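# Working through the structure, step by step
What follows is the residue order along each chain.
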Amino acid sequence: QVQLVESGGELAQPGESLRLSCAASRTIFRFYVMGWYRQAPGKQRELVARITNAGDTNYADSVKGRFTISRHNAQNTVYLQMDRVKPEDTAVYYCNSDPAQWPWGQGTQVTVSS
């Protein structure tokens, strides 16, 4: 079973940058498409970015051009660089495979507010 640990979330002002990290417990991670998801209060969890094991990426329209997903397979880690954050980016951020098939981690809270 893969365990996922997200980190890097914090309070940010609009326009600032954040970098989220997700560490997976097993090297099998490298064979899977990985995604960053988020869940805002009162909303369903949504996929915002995904990256294949070859490094191809896709983004939700709401974050395209501002967020960048990357992965370091040797370290079993996936990252989400968040630039020019907006208040609507406020959510708990999670990583998982795409489609999600492992237990969800605790997530990391991102709050964007002035």
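Keep in mind that this is a model prediction, so the values were computed, not measured.

Here is what the cut-offs are and how they apply
- Residues numbered from 1 in each chain as written.
- Predicted model: local features only at pLDDT ≥ 70, side-chain atom pairs only at ≥ 80, totals over all residues.
- Heavy atoms only, no water.
- Phe/Tyr/Trp six-rings, centres within 6.5 Å; stacked < 30°, edge-to-face > 60°.
- Helix = DSSP H or I, 4+ residues; strand = E, 2+ residues; numbered from the N terminus.
- Buried < 20%, exposed > 50% of the residue type's maximum accessible area, 1.4 Å probe, protein only.
- Lys NZ or Arg CZ within 6 Å of the ring centre and 35° of its normal.

### Here's the deal with the packing of aromatic side chains
Under the counting rule described, the total for this entry stands at 3 aromatic pairs. With a centroid separation of 4.9 Å and 70° between ring planes, the pair formed by Tyr32 and Trp102 is classed as edge-to-face. Of this pair, Tyr32 sits in the loop between strand S3 (18-24) and strand S4 (34-39) while Trp102 sits in the loop between strand S9 (91-97) and strand S10 (108-112); the two residues are 70 residues apart in sequence, bridging distant segments of the chain. In this structure Tyr32 comes out as partly exposed when scored by relative accessible area, which is 24%. Consider the rings of Tyr94 and Trp104, whose centres lie 5.7 Å apart with planes at 75°: the pair is edge-to-face. Taken together, the residues Tyr94 in strand S9 and Trp104 in the loop between S9 and S10 connect sequence positions 10 residues apart. Classification of Trp104 as partly exposed rests on a relative accessible area of 33%. Through a chain of ring-to-ring contacts, three or more aromatic side chains come together here, namely Tyr37, Tyr94 and Trp104. Directly above the aromatic system of Trp104 lies the positively charged group of Arg45, at a separation of 3.7 Å from the ring centroid.

Note that every value here comes from positions in space, so none of it alone points to a role or purpose.
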